[in-house]
Structures are given as structure tokens and as C-alpha cells.
Amino acid sequence: MRKTILPASIIVLVTGACLLLGFAYSIPDEEKQQGLTGQFDVSAQGDIAYVTYERGKPTLYVKSDQLRQVVQLPADRTILDIAVMPGGKTVLYVNSDKEFDEDSKSTLHQVDIESGEDNIIFTRDAIVMELVIDPKDENRLFYIQADKFSNYSPGATLYPHDYDVHSYQMKNGKHQKHTELNKYSMSSLQVSSEDDSVYIQMDDDADMETEEDAFETKGRVFKIPLSNPGHKMVISIPEDTQDLYDFVLIPDRSELVYQAVAGTDHEGILEYELFSYNWDTQRITQLTHLNAYAEYPIHGADGKVYFIVDRAFGENNPDNALYRMNPDGSSVEEVSFEE
């Protein structure tokens, strides 16, 4: 009898395993995406809003004294950026098609964290990539907008481009375009708390005359006075510094914390770490040594620098985690989202 039961048990187990594998592989590709994205914000109260994928569905959470799921969208949508409104009771988020095309639109929502009431603020026939509340006026929202999604040049892949800085006045519903740069890329938009200007990361291509010159340009941080946006200026930093990518200003320390290439691993994959540059000492310091991909630094109200780390950079699926540290690079720790 045992000789009959054992093979039959094996057949059942193998059949069950095959059914499970078949079910796993039958999941549509858009539902396989899992885990934390790079969209997060930290409120003045210390609450953390973040976006994660759950079976491909972009899901917005807010962690305060408890963990709340605020929004979950279909798997064919994406959340491009979020911003916690002053007071910490509502969150702005902008969503669009997960797969961009020439007809993609962006819709800005404002959602109540406790009730989940979700209101549409505006829709743009373009791709809105970043949101920042003006620290001088909580009713003024700045954003980066890409007006085109197409081939930037013959033979190039489809990509958002023609970026410029815009703002939206929440009280009267008025949009304003502040720059006419039509840049290939922009990132790390920040709004000054002291004057009417913004900071942005983009290529320093003012002296570019030929297509070959484009390979010699470097990513830099620019300050743009909104009263005269044509007079943008590179934030002072040593000229021989490598490309600067995502950044955040630390005003009380006269420092710039930024992402740059630190080296390569044993397989030749680039490792991106966070560095700081101090204008008083003119010193560059490597802050992180995670041997991974550190990005998106922001300055929290608690004085900490928060940032995302992709621990599987160079592999097929990202493994993102949220970290924080002191501005001098000490006390680096992963932030837990468990209640």
C-alpha cells in the first residue's frame, strides 16, 4: 500500500507545483511590479508619504502615528510625484499613463489623508514630473513639465523632453510658465525660502556648439531668478567636479548634498553615492558608502537627509529602500514602514 501512496503523493505535489508556476507566469506583466518607488515626501510634522507597487498597482501610503493606505490606482497608471501639503492633512499626487505616448496627460489630485476624499485639481496635456510647494506661499505649487514625448533626435528612443518650470496658484487656478529652456532633462526642483527663485539640476550646455559637445557637458545645479529667468547661474562648485544629479540644499550648513558616481563594483556596474559640498570650506565629502544606488535626497523637518537606495541596481528588478542620515553622513539607517 505504501508503494502506491508514495508515487501518488509525488504526482499530487508535482501537479500542484506546476499549477502554482502556471498561475505565477499567467500574471500580466503590469501586475508583477512590486515594491517601493522613488516617490516620497516628509511633512513638517515628520510624517512620511511614499508610493509602492502592489501587484503592479501604484499605492500611496502615509506613515504617521499609524500607517494609512490613501490611494491605490489601476496597474496601467503611474504616480509621478507626491507632495504633502502644509499642515499634513492632505497630499498632492500627479498621475499619468504607466506607458507614456504622445497623447499622455497628467492629472493632479489632492487627497485627504484620513477620509480618502480625492479631488482633481487640474489636468495638463503634458507630462508633469515633479511637485514642490512654495515655502513662502502654501497656495503656490511649482512643477516641472515635459511638453513632448517623442524622438528627441533621429534614431533616439521615445522620451519626455522640452522641460520647463511652471507654477500653479491654488487659490485662483492660474498656471504660469517661468522658463523657456526646452531642456532635454530637468530634476530636483527646489524653491527658495528666501527669494523668488528656484533651483534645478540640468546639463551645463551653454557653450555647446556641436552634437559632439553634448558628450562633454556636465550635470550642474542652477539657480533661476523668476523675475529674470534668462539670467540663470551655476551654483559655485569646483569646475572639475564630476556630474551632479539629484541634490538638496542644506541652508543652515551652507551645503549641497548631491548624487554622483563613486566608482564601480567588481562587475563594472556604476555605484552612485551621496556627496556634500560646503561653500565655506570648499570641501567635497562622500557621505554614503553603501555600494549601491543612492538617489533622491530631501531635507526633512527633523534635520535629517532622507534618500532612496536601490540595492539591486543593474539587475532586472529594483530593490528600493528608504534611508536617512545626518547631513554630515553619520547615523545612516534604513527607515521601517512597519506600524
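In what follows, the structure referred to is the one given above.
The sections below set out a description of the structure shown in this document. (Residues numbered from 1 in each chain as written. Predicted model: local features only at pLDDT ≥ 70, side-chain atom pairs only at ≥ 80, totals over all residues. Heavy atoms only, no water.)

### Some points on the overall build of the chain
Scanning the chain for helices and strands turns up one helix and 24 strands. The burial tally for the chain puts 45% of its 339 residues in the buried class. A fraction of 35% describes how many contacts in the chain between residues 6 or more apart in sequence connect residues 24 or more apart. Counting only carbon and sulfur atoms, one obtains 48% of the accessible surface of the chain, whose full area is about 18300 Å². (Helix = DSSP H or I, 4+ residues; strand = E, 2+ residues; numbered from the N terminus. Buried < 20%, exposed > 50% of the residue type's maximum accessible area, 1.4 Å probe, protein only. Contact = heavy atoms within 4.5 Å. Areas by Shrake-Rupley, 256 points an atom, 1.4 Å probe, with all protein chains shown as cover.)

### Brief notes about the nonpolar core
One finds Leu92, Leu131, Leu189, Val198 and Ile200 to be the most contacted residues of the largest nonpolar core, which totals 31 residues. Looking at this core element by element, the count peaks at six residues for strand S10 (residues 137–151). Within the second largest apolar cluster, 14 residues are counted, among which are Leu60, Val71, Tyr93 and Val111. (Core = buried A, V, L, I, M, F, W, Y, C linked by side-chain atoms within 4.5 Å.)

### Quick notes on the environment of leucine 141
Checked against the element boundaries, leucine 141 lands in strand S10. Classification of leucine 141 by relative accessible area gives buried; the value is 0%. Residues leucine 141 and valine 191, spaced 50 residues apart in sequence, show a C-alpha to C-alpha distance of 9.7 Å. Apart from residues lying up to four places away in sequence, leucine 141 is in contact with Leu92, Leu108, Phe122, Leu131, Val132, Ile133, His166, Ser167 and Tyr168.

### Thoughts on the environment of isoleucine 237
Assignment of secondary structure puts isoleucine 237 in the loop between strand S16 (233–234) and strand S17 (247–250). Of the residues examined, isoleucine 237 reaches a relative accessible area of 13% and is grouped as buried. Residues isoleucine 237 and asparagine 278, spaced 41 residues apart in sequence, show a C-alpha to C-alpha distance of 8.9 Å. When neighbours within four sequence positions are excluded, isoleucine 237 is seen to be in contact with Arg220, Leu244, Leu256, Tyr258 and Tyr277.

### What about the packing of aromatic side chains?
Taken as a whole and judged by the stated rule, the model has twelve aromatic pairs. Each ring, one from phenylalanine 122 and one from tyrosine 143, has its centre 5.7 Å from the other, and the planes form 40 degrees; the classification is tilted. Of this pair, phenylalanine 122 sits in strand S8 (residues 118–124) while tyrosine 143 sits in strand S10, placing them 21 residues apart in sequence. Judged by centre distance (6.1 Å) and plane angle (85 degrees), the ring pair of tyrosine 277 and tryptophan 279 falls under edge-to-face. Residue classification places tyrosine 277 among the buried positions, given a relative accessible area of 3%. Residue tryptophan 279 is classed as partly exposed on the basis of its relative accessible area, which comes to 26%. Site record: aromatic cluster; members linked through ring pairs are Tyr245, Tyr272, Tyr293 and Phe313. (Phe/Tyr/Trp six-rings, centres within 6.5 Å; stacked < 30°, edge-to-face > 60°.)

### Observations concerning the sheet that holds strand S9 (residues 127–134)
Strand order in the open sheet formed by four strands is S9-S10-S11-S12, and the pairing between neighbours is antiparallel. What marks the edges here is a single partner per strand, and that holds for S9 and strand S12 (174–177). Across the sheet, the mean angle separating the axes of adjacent strands is 30 degrees when strand polarity is ignored. As paired strands, S10 and strand S11 (residues 158–169) are joined by eleven bridges and run antiparallel to one another. Its bridge partner lying in S11, phenylalanine 149 is registered against proline 160. (Pairing = 2+ DSSP bridges. Axes fitted to C-alpha atoms, helices over the stretch in contact; angles between N-to-C directions.)

### Thoughts on the environment of histidine 299
Position of histidine 299 relative to the elements: it lies in strand S21 (residues 293–299). Between the alpha carbons of histidine 299 and leucine 249 there is a distance of 7.7 Å; along the sequence they are 50 residues apart.

### Quick word on the pairing of S21
Sheet analysis places S21 next to strand S22 (residues 305–310), joined by five bridges and oriented antiparallel. Note that in S22 the partner of glutamate 295 across the bridge is isoleucine 308. In sequence, S21 turns back onto S22 through a hairpin of five residues, with glycine 303 there showing a positive phi of about 85 degrees.

### Focus on the pattern of salt bridges
In the structure shown here, the tally under the stated rule is 14 salt bridges. Between aspartate 125 and lysine 105 there is a salt bridge; the shortest N-O distance is 2.4 Å. Within this pair, whereas aspartate 125 is found in the loop between S8 and S9, its partner lysine 105 is found in the loop between strand S6 (90–97) and strand S7 (106–112), the two being separated by 20 residues in sequence. Residue arginine 311 pairs with aspartate 319 through a salt bridge whose shortest N-O separation is 3.4 Å. Look at aspartate 319 and you get partly exposed, because its relative accessible area is 35%. (Salt bridge = Lys/Arg side-chain N within 4 Å of Asp/Glu carboxyl O.)

### Let's talk about the side chain of glutamate 255
Following the sequence through the fold, glutamate 255 ends up in strand S18 (residues 255–264). Judged by its relative accessible area of 8%, glutamate 255 is buried. Those residues in contact with glutamate 255 that lie beyond four places of it in its chain are Val248, Leu249, Ile250, Ser276, Tyr277, Asn278, Trp279 and Pro327.

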